[in-house]
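Single-letter residue listing:
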Amino acid sequence: MSAPFGAGDRALFFDRKGRRYLVTLSDEGQFHTHAGYVPHADVIGQSEGVTVTATGGARYLVVRPTLSEFVLKMPRGAQVIYPKDLGPILMLADVFPGARVLEAGVGSGALSMTLLRAGADVVGYELRADFAARAAENVGAFVGADALARYKVEERDVYEGIDEVDLDRVVLDLPEPWRVVKHAESALHPGGILVSYLPTITQSAQLRETLAASAFGMAETIEVLHRSWHIEGQSVRPDHRMVGHTGFLTAARLLGPTP
Ligand code: SAH
């Protein structure tokens, strides 16, 4: 059961044409559109699925945003990892409730939210104070206070080392992950997993080269192709547009001494 909407909650307004608007509810707030406005008070106290009417007569259905919707619409400083890659990262990194994860850099916090949602305990290293603050804000807005208790962001450079030990996972979204491999070797326990998201294949090849000369094994690199379909009556075909490229995902496991 979804709790009724409260002030401070995110709400997604859908109009008749399927357009979506992400709104942060406040007691005095108003959701303005070309068709007048809806007082937030009409939504606060109601449950998901409520229909509200703007002053101009347009009707909106209101639900809570999903993680994907929130990631695509939340305020961003750094570029976020898209939902099509966030899901597979959870599988490649085999994230489980209670997993101890080091994440760097944190950026806008899209990956942080995904890891926290899956139950991980996350320590984030982020170079830029403004990004670290934005991430904490975004994460708090979406995952709520209990998950925030599992999240700590430090303003620091992961290329200089990792203080944590006995980590389960290291997840990276930064330009030179090969500079983290040595640190991850001592921060992870054997069997631990490193996952890295990189925009280019040359960076991925450089990471693989460093991994091949390290205590990591079972390395794999993939890209995720996501093609949506247009389905309407007899017109059933792939959509004309797709996101052709985001990034490559590389995963490897820290092995113990060779048997
Ligand atoms: N995965 C994030 C986006 C990360 S963008 C998301 O989904 O929202 C990359 C981030 O890495 C930037 O914020 C940048 O400041 C940070 N960064 C780059 N090099 C770093 C380093 N050596 N140590 C820590 N953070 C770093």
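One can find the structure itself at the top, above this paragraph.
The rules behind the values
- Residues numbered from 1 in each chain as written.
- Predicted model: local features only at pLDDT ≥ 70, side-chain atom pairs only at ≥ 80, totals over all residues.
- Heavy atoms only, no water.
- Buried < 20%, exposed > 50% of the residue type's maximum accessible area, 1.4 Å probe, protein only.
- Helix = DSSP H or I, 4+ residues; strand = E, 2+ residues; numbered from the N terminus.
- Pairing = 2+ DSSP bridges.
- Near = heavy atom within 4 Å.
- Polar contact = N/O pair within 3.5 Å; in protein donor to acceptor, adjacent residues only side chain to side chain.
- Areas by Shrake-Rupley, 256 points an atom, 1.4 Å probe, with all protein chains shown as cover.
- Nonpolar A, V, L, I, M, F, W, Y, C, P; charged D, E, K, R; others polar.
- Phe/Tyr/Trp six-rings, centres within 6.5 Å; stacked < 30°, edge-to-face > 60°.
- Lys NZ or Arg CZ within 6 Å of the ring centre and 35° of its normal.
- Axes fitted to C-alpha atoms, helices over the stretch in contact; angles between N-to-C directions.
- Contact = heavy atoms within 4.5 Å.
- Expected span 1.5 Å × (residues − 1).
- Arc of directions from axis to C-beta.

A.B. asks: Outline the pairing of strand β5 (residues 50–53), listing residues and values.
C.D. replies: Only one face of β5 is covered, namely the one carrying Val50 and Val52; the face carrying Thr51 and Thr53 has none of its residues buried. Of the strand pairs in this sheet, β5 and strand β6 (residues 59–63) are connected by 4 bridges, and their pairing is antiparallel. Looking at β6, one finds that threonine 53 is bridged to arginine 59. Hairpin connection from β5 to β6: 5 residues lie between these consecutive antiparallel strands, with glycine 57 at a positive phi of about 105 degrees.

A.B. asks: Talk me through the site of the ligand; I want residue IDs and the actual numbers.
C.D. replies: Taken together, 22 residues are adjacent to the ligand, and Glu126, Phe131, Asp157, Val158 and Asp173 come closest. Within the backbone of isoleucine 81, one N or O atom sits 3.2 Å away from an oxygen atom of the ligand. Within the backbone of valine 158, an N or O atom sits 3.0 Å from a nitrogen atom of the ligand. Relative to its free-state accessible area of 590 Å², the ligand is covered by the protein chains to the extent of 90%. Broken down by secondary-structure element, the contributors of at least two residues to the shell around the ligand are α3 (110–117) and β8 (121–126). In the shell around the ligand, the residues fall into 13 nonpolar, 5 polar and 4 charged.

A.B. asks: Can you tell me about the packing of aromatic side chains, naming the residues and giving the values?
C.D. replies: For the structure on display, the rule yields 6 aromatic pairs. A ring pair is formed by phenylalanine 13 and tyrosine 60, whose centres lie 6.2 Å apart and whose planes are at 65 degrees; its orientation type is edge-to-face. Taken together, the positions of phenylalanine 13 in strand β1 (residues 10–14) and tyrosine 60 in strand β6 put the pair 47 residues apart, joining distant regions of the chain. With a relative accessible area of 0%, phenylalanine 13 lands in the buried category. Note on tyrosine 21 and phenylalanine 31: the rings are 5.4 Å apart at their centroids and 55 degrees apart in plane angle, and the pair reads as tilted. Residue tyrosine 21 is located in strand β2 (residues 20–24), and its partner phenylalanine 31 is located in strand β3 (residues 30–33); the two are separated by 10 residues in the primary sequence. A residue is classified by how much of its surface remains accessible, and tyrosine 21, at 25% relative accessible area, is partly exposed. In this structure phenylalanine 31 comes out as buried when scored by relative accessible area, which is 7%. A network of ring pairs unites the aromatic residues Phe13, Tyr21, Phe31 and Tyr60 as a single cluster. Looking at arginine 128, its charged tip hangs above the ring of phenylalanine 131, at a distance of 3.9 Å from the centre.

A.B. asks: Please set out unusual backbone geometry residue by residue, giving values where relevant.
C.D. replies: Between alanine 104 and the following residue, glycine 105, the backbone shows a cis peptide bond with an omega angle of -20 degrees. Within the element layout of this structure, glycine 105 appears in the loop between β7 (100–104) and α3. If you check the backbone angles, aspartate 94 has positive phi at about 50 degrees while not being a glycine. Tracing the chain through its elements places aspartate 94 in the loop between α2 (83–92) and β7.

A.B. asks: Before we move on, could you go through the sheet that holds strand β12 (residues 216–223) and cite the residues and values that matter?
C.D. replies: The 7 strands lie next to each other as β9-β8-β7-β10-β11-β15-β12, forming an open sheet whose pairing is mixed. Looking along the sheet, the strands with just one partner apiece sit at the ends: β9 (151–155) and β12. Direction aside, neighbouring strands of the sheet carry axes that sit 15 degrees apart on average. Of the strand pairs in this sheet, β7 and strand β10 (residues 167–172) are connected by 4 bridges, and their pairing is parallel. Bridge assignment links alanine 104 to a residue of β10, and that residue is leucine 172. α3 contacts β7, β8, β9 and β10 of the sheet and is inclined by roughly 170 degrees relative to β7. Lying on the sheet, helix α7 (residues 201–212) is in contact with β11 (188–198), β12 and β15 (248–254); it crosses β15 at an angle near 10 degrees.

A.B. asks: Describe the side chain of threonine 250, with residues and values.
C.D. replies: If you trace the backbone, threonine 250 turns up in strand β15. By relative accessible area, which is 1% here, threonine 250 ends up buried. At 2.9 Å, the side chain of threonine 250 and the side chain of threonine 221 are in polar contact. With near-sequence residues (within four places) excluded, threonine 250 lies in contact with Leu194, Val195, Ser196, Ser204, Leu207, Arg208, Leu211, Glu220 and Thr221.

A.B. asks: Before we move on, could you go through α7 and cite the residues and values that matter?
C.D. replies: Residues that lie three or four places apart on an α-helix share one face, since the helix turns once every 3.6 residues. Here α7 is 12 residues long and its end C-alpha atoms lie 16 Å apart, about the 16 Å a rise of 1.5 Å per residue gives. Here α7 has its buried residues at Gln203, Ser204, Leu207 and Leu211. Within α7, the buried residues cover an arc of 100 degrees as seen down the axis, which keeps them to one side. When the buried face of α7 is taken as reference, the exposed residues oriented beyond 90 degrees from it are Thr202, Glu209 and Ala212.

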